[in-house]
2 protein chains.
Amino acid sequence: MELLKQKIIAEGEVLPGDILKIDSFLNQQIDPETTYAMGKEICRIFSDVKIDKVVTIEASGIAIGLVTAHELGVKMVFGRKNKSNVMVDDVYVADVYSYTKQVTNHISISKKFLEAGENVLIVDDFLANGSAALGLCNIVEQAGGKVVGISVAVEKAFQDGEAKLVEAGYRVEPLVRIKSLKDGKVTFVED
Amino acid sequence: MELLKQKIIAEGEVLPGDILKIDSFLNQQIDPETTYAMGKEICRIFSDVKIDKVVTIEASGIAIGLVTAHELGVKMVFGRKNKSNVMVDDVYVADVYSYTKQVTNHISISKKFLEAGENVLIVDDFLANGSAALGLCNIVEQAGGKVVGISVAVEKAFQDGEAKLVEAGYRVEPLVRIKSLKDGKVTFVED
């Protein structure tokens, strides 16, 4: 997605540890135009598939998940990273290790919001080692749903997330694939 | 906002401790149509004011903040409840006590995303005791910005949040005001 590549080149910062910081339009400040364009693009990519629900994870997945769900005309559900007091039982849970934050999060989604037989599209901001996406797939499948695809804004293609997900049988469609963040420079995988 | 009242009556659950659970369309599952309608309504209410930015707080403020910002044609920034490793310095911070979760959260926003002289609209899902809104106002003002209004989807009008905010000089515009949650029944303040 050319617009997203341009935004990353113009505004992204590469930090030590292969971190790409794009908090000026995706991760803390959100540029609605870019977000809406990403939602439309994900919808276009998956136009050949019937999708009943979009599932994402708080916090940075919510914006892109919402606009994608709106484009598709379906509801969106986001996984919570910690159980809140308000949601104490009847949840599906998966454990996800965050390499960035070096903690294990318990992702949970209320059982009320996932149904057997649903076609689910998983959407998130980043795909790196695939832990979050695999956790969400696991939750959808606990509910008897079918993951018809996984789309992310940015894939770190130098990590093994896509390989793991494809091996597990999932269709993976990132909007941009990053080949390298070496020497502070963003290099994309050519289309 | 009549649509929101109807959704609350149809889908809201009242839990002990004056908790209104509306996670079927606002707090975990998100109904994009309702969210987009809320954004349009907030934009209409504040059509007499120049707004440069929308500020909200993760996680449940992000959806409504995004669509409001899109309607207004401005960017949105969300406060984080815990510092992540990615965002270690150069942040404005305010402490906010959550009565629901009984913890003090440190809300933070990167200094890069707030500017002196900006007119800021604060948007959130709930207003109860006003702690989160006051914390966000504090952060905006640390940056030299002006809070031109505070809008929330649902105000618990039996708590003192609006009174505190109005006394502090802020314009408060909830989409619905709840008078009582007594005996498990939702009663609205009449318009």
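The structure displayed is predicted, hence computed values, not measured ones.

Enquirer: So what's going on with the sheet that holds strand β4 (residues 53-57) of chain A? Residues and values would help.
Expert: The strand order across the open sheet built from seven strands is β11(A)-β10(A)-β9(A)-β8(A)-β4(A)-β5(A)-β3(B), with neighbouring strands paired in mixed fashion. Looking at strand neighbours, the two that pair on one side only are β11 (187-188) of chain A together with β3 (29-30) of chain B, the edges of this open sheet. For strand β9 (residues 146-156) of chain A and strand β10 (residues 172-180) of chain A, the ladder comprises six bridges, and the chain directions are parallel. Bridging from a neighbouring strand, Ile150(A) pairs with Val172(A) of β10(A). Packing against the sheet, helix α4 (residues 61-72) of chain A makes contact with β4, β5 (75-79), β8 (119-127) and β9 of chain A together with β3 of chain B, and its axis sits at approximately 175° to β4(A).

Enquirer: Tell me about the interface of chain B and chain A, and please be specific about residues and values.
Expert: At the junction of the two partners, chain B supplies 42 residues and chain A supplies 42 residues. Taken over both partners, the interface formed by chain B and chain A buries close to 3600 Å², and the fraction arising from carbon and sulfur atoms is 60%. At the junction of chain B with chain A, the criterion picks out four salt bridges. For the salt bridge of Lys112(B) with Glu13(A), the shortest nitrogen-to-oxygen distance reads 3.1 Å. Along the contact surface separating chain B from chain A lie 14 residue pairs in polar contact (both at pLDDT 80 or more). Looking at the side of chain B that touches chain A, the elements that each hand over two or more residues are β1 (13-15), β2 (19-21), α2 (23-27), β3, α3 (32-45), α4 (61-72), β5 (75-79) and β7 (103-110) of chain B.

Enquirer: How would you sum up the pattern of salt bridges? Please name residues and give values.
Expert: Across all of its chains, the model carries 28 salt bridges over all chains by this definition. The shortest N-O distance in the salt bridge between Asp31(A) and Lys7(A) comes to 3.5 Å. Of this pair, Asp31(A) sits in the loop between β3 (29-30) and α3 (32-45) while Lys7(A) sits in helix α1 (residues 2-11), and the two are 24 residues apart along the sequence. Of the two residues, Asp31(A) and Lys7(A), both sit in the buried class. A salt bridge links Glu173(B) to Arg171(B); the nearest nitrogen and oxygen atoms lie 2.9 Å apart.

About the cut-offs
Residues numbered from 1 in each chain as written. Chains lettered and ligands numbered in written order. Predicted model: local features only at pLDDT ≥ 70, side-chain atom pairs only at ≥ 80, totals over all residues. Heavy atoms only, no water. Pairing = 2+ DSSP bridges. Helix = DSSP H or I, 4+ residues; strand = E, 2+ residues; numbered from the N terminus. Contact = heavy atoms within 4.5 Å. Axes fitted to C-alpha atoms, helices over the stretch in contact; angles between N-to-C directions. Buried area = accessible area lost by both parts, 1.4 Å probe. Salt bridge = Lys/Arg side-chain N within 4 Å of Asp/Glu carboxyl O. Polar contact = N/O pair within 3.5 Å; in protein donor to acceptor, adjacent residues only side chain to side chain. Buried < 20%, exposed > 50% of the residue type's maximum accessible area, 1.4 Å probe, protein only.

The quantities given are spatial measurements derived from coordinates; they are silent on function.
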